[in-house]
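Examination of the molecular architecture
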Amino acid sequence: MDSNVLSTSQVRVGLFGSGVGLSLVLGFGVAYACYYLSSIAKKPQLVASNERFCRFLEEYCPVVTETYYPTIWCWEGRVQTLLRPFITSRPQVQYRNELIRTADGGQISLDWFDNNDSLYYPDASTRPTVLLLPGLTGTSKESYILHMIHQSETLGYRCVVFNNRGIAGEELLTPRTYCAANTEDLEAVIHHIHNLHPSAPFMAAGVSMGGMLLLNYLGKTGRDTPLMAAAIFSAGWNVFESVESLEKPLNWLLFNYYLTTCLQSSISRHRQMLEKLFDMDLVMKARTVREFDRQFTSVMFGYRTIDDYYEDASPCRKLKSVGIPVLCLNSVDDVFSPGHAIPVETAKQNANVALVLTSCGGHIGFLEGIWPRKCTYMDRVFKQFVQAVFEHGNKIFSM
């Protein structure tokens with residue numbers, strides 16, 4: 001056969017093959033884009049019974065009414081949850097540490113970001129202050145905490161991070177750590193900060209278990225708190241539903257076992273102190289969060305059963321009593337806080353509460369953009385709401 005004919009035939013086949021491949025790629029891309037835009041990128045659901053609160057959010061915190069575009073290549077909840085700690089940046093923050101004593105002889109570690117270079121609020125006595133509560137085993141070093149401080153710094157605000165007992169490197173002076181239901185340490189911290197800066201506007205933001213603790217505190221105190229408002233992110237509303245979700249095989253493999261080992265690691269260095277009250281060998285054998293709570297947490301805080309502890313720790317049972325404006329952000333695909341357990345109807349019964357529910361975002365994920373390194377949807381909600389409260393809060397405090 002003529003070599004020219006053969007060459008031409010090969011070129012035609014190559015072009016045809018590449019054309020088919022290109023068509024397949026384009027077809028898949030178009031189909032994926034259509035699916036993403038129709039089923040993934042959605043406006044969050046805003047649940048609030050108070051029309052004034054709704055209008056306030058629409059005007060001063062518009063991000064809660066805008067379409068949330070999750071990162072197109074990792075929008076699924078588990079993936080967002082797993083990747084966020086590795087993808088997001090870690091802004092540099094210089095803390096000033098303070099150890100305060102508690103009534104029972106223990107100590108709490110507070111990390112202050114004073115923001116003394118604030119151009120908007122040069123007077124430290126009136127500089128707005130945000131108290132930040134990290135998650136279950138989190139500290140002031142968590143990336144989501146660092147991003148909240150970075151957002152606050154640009155606005156001129158001061159931040160204080162409440163590290164739960166024994167977590168941030170300080171010694172346990174008594175055989176006691178922390179739990180989501182007991183608010184004594186949080187109450188002590190809030191009043192300590194308020195007494196130091198009584199003229200400074202003051203609010204708080206809690207993430208995951210930090211949000212649960214903050215909600216339980218607010219449900220207990222009602223309006224009798226120095227806090228002006230609060231922001232809650234990825235809180236577990238019903239602990240029974242949370243642990244059941246985390247005990248499903250895939251979730252146990254991806255999250256539950258690792259979280260249990262983190263809890264065990266957080267108390268292992270305090271073993272000599274805790275062995276006075278607990279069978280630490282038994283605690284260290286736990287393979288789920290539920291087992292850890294049964295052997296350790298519920299016993300430490302005097303609950304008759306683990307169910308009694310979980311019932312007391314569930315913020316959904318105290319939401320009706322919250323007496324200050326609270327904005328709560330959750331994703332309905334969060335395996336730590338399943339969508340069906342979010343107390344939508346209860347929230348509608350309290351004029352102080354607004355829920356923002358996204359269809360995607362996972363647990364403390366909320367990644368957005370092609371390469372979501374610097375800012376998440378959660379960061380933007382935090383920044384806009386905090387600024388709205390400190391600069392325009394008088395418009396909702398008369399609710």
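The following refers to the structure shown. All of these numbers come straight from a predicted model, not from anything done at the bench.

Restricting attention to buried positions, one finds in helix 11 (residues 289-300) the residues Val289, Phe292, Asp293, Phe296, Thr297, Ser298 and Met300. Immediately downstream of helix 11, the backbone of Gly302 shows phi near 75 degrees, a positive value.

Within the fold, Trp75 resides in the loop between helix 2 (51-60) and helix 3 (77-87). Distance from Trp75 to Glu368, taken between C-alpha atoms, is 8.5 Å for residues 293 residues apart in sequence. Dropping the residues within four chain positions of it, Trp75 is found in contact with Tyr32, Tyr35, Tyr36, Ile40, Pro70, Gln80, Asp333, Cys360 and Gly361.

Together, Ile72, Trp73, Ile370 and Trp371 line one region of the surface with nonpolar side chains, adding up to about 460 Å² of accessible area. Looking at where Ile72 falls in the secondary structure, it is placed in the loop between helix 2 and helix 3.

Glycine aside, residues mostly have negative phi, and peptide bonds are mostly found in the trans state. Positive phi outside glycine occurs at Asn115, with the angle close to 55 degrees. Structurally, Asn115 is set in the loop between strand 3 (107-113) and strand 4 (129-133). Phi is positive for Ser234, close to 55 degrees, though the residue is something other than glycine. Along the polypeptide, Ser234 turns up in the loop between strand 7 (230-233) and helix 7 (239-246). The exposure class of Ser234 is buried, given its relative accessible area of 0%.

Strand direction decides the pairing type here: strand 2 (residues 96-101) and strand 3, joined by six bridges, are antiparallel. By the bridge assignment, Arg96 is partnered in strand 3 with Trp112. The antiparallel pairing of strand 2 with strand 3 creates a hairpin that spans five residues between the two strands, and Gly105 there sits at a positive phi of about 95 degrees.

This part covers the sheet that holds strand 1 (residues 45-47). Pairing is mixed in the open sheet, where nine strands are placed in the order 1-9-8-7-6-4-5-3-2. If you trace the sheet from one side to the other, it starts and ends with strand 1 and strand 2, each paired once. When the angles between neighbouring strand axes are averaged without regard to direction, this sheet yields 20 degrees. In this structure, strand 8 (residues 326-331) lies alongside strand 9 (residues 353-358), joined through six bridges in parallel fashion.

Before going further, it helps to spend a moment on the pairing of strand 6 (residues 202-207). Buried residues dominate strand 6, accounting for six of its six residues. Both faces of strand 6 are covered, namely the face carrying Phe202, Ala204 and Gly206 and the face carrying Met203, Ala205 and Val207. One ladder, built from five bridges, connects strand 4 with strand 6; its direction is parallel. Residue pairing for strand 6: Val130 is matched across the bridge by Met203.

This next bit is on the nonpolar core. Counting 70 residues, the largest nonpolar core has Leu131, Leu214 and Leu355 as the members making the most contacts within it. In contact with Leu214, not counting residues within four places along its chain, are Leu133, Leu186, Ala204, Ala205, Gly206, Leu227, Ala230, Ala231 and Ile232.

Reading the values: the criteria
- All chains use their own residue numbering, which begins from 1 and follows the written sequence.
- Residues qualify for local features only when their pLDDT is at least 70, as the model is predicted, and side-chain atom pairs are given and counted only at 80 or more; totals for whole chains, interfaces and linings, by contrast, use all residues.
- Only hydrogens and water are set aside; all other atoms, that is, all heavy atoms of the structure, feed into the side-chain values.
- Relative accessibility thresholds used throughout: buried, under 20% of the residue-type maximum; exposed, over 50%; partly exposed, between the two (1.4 Å probe, protein chains only).
- Helix numbers and strand numbers start at the N terminus; a helix is a DSSP run of H or I with at least 4 residues, a strand a run of E with at least 2.
- By definition in these notes, contact holds between two residues if any of their heavy atoms fall within 4.5 Å.
- Every patch collects residues that have over 30% relative accessible area and no salt bridge, joining them within 9 Å if they carry like charges and within 5 Å if they are nonpolar side chains (Val, Leu, Ile, Met, Phe, Trp, Tyr).
- Computed with a 1.4 Å probe, the accessible areas rest on the Shrake-Rupley method; for each residue, only the protein chains presented here act as cover.
- Whenever Lys or Arg places a side-chain nitrogen within 4 Å of a carboxyl oxygen from Asp or Glu, that contact is recorded as a salt bridge.
- A pair of strands is labelled paired if DSSP reports no fewer than 2 bridges between them.
- Inter-axis angles, ranging from 0 to 180 degrees, are taken between N-to-C directions of lines fitted to C-alpha atoms, where helices are fitted over the stretch in contact.
- Take the buried residues of types Ala, Val, Leu, Ile, Met, Phe, Trp, Tyr and Cys, join any two whose side-chain atoms come within 4.5 Å, and each joined set is a nonpolar core.

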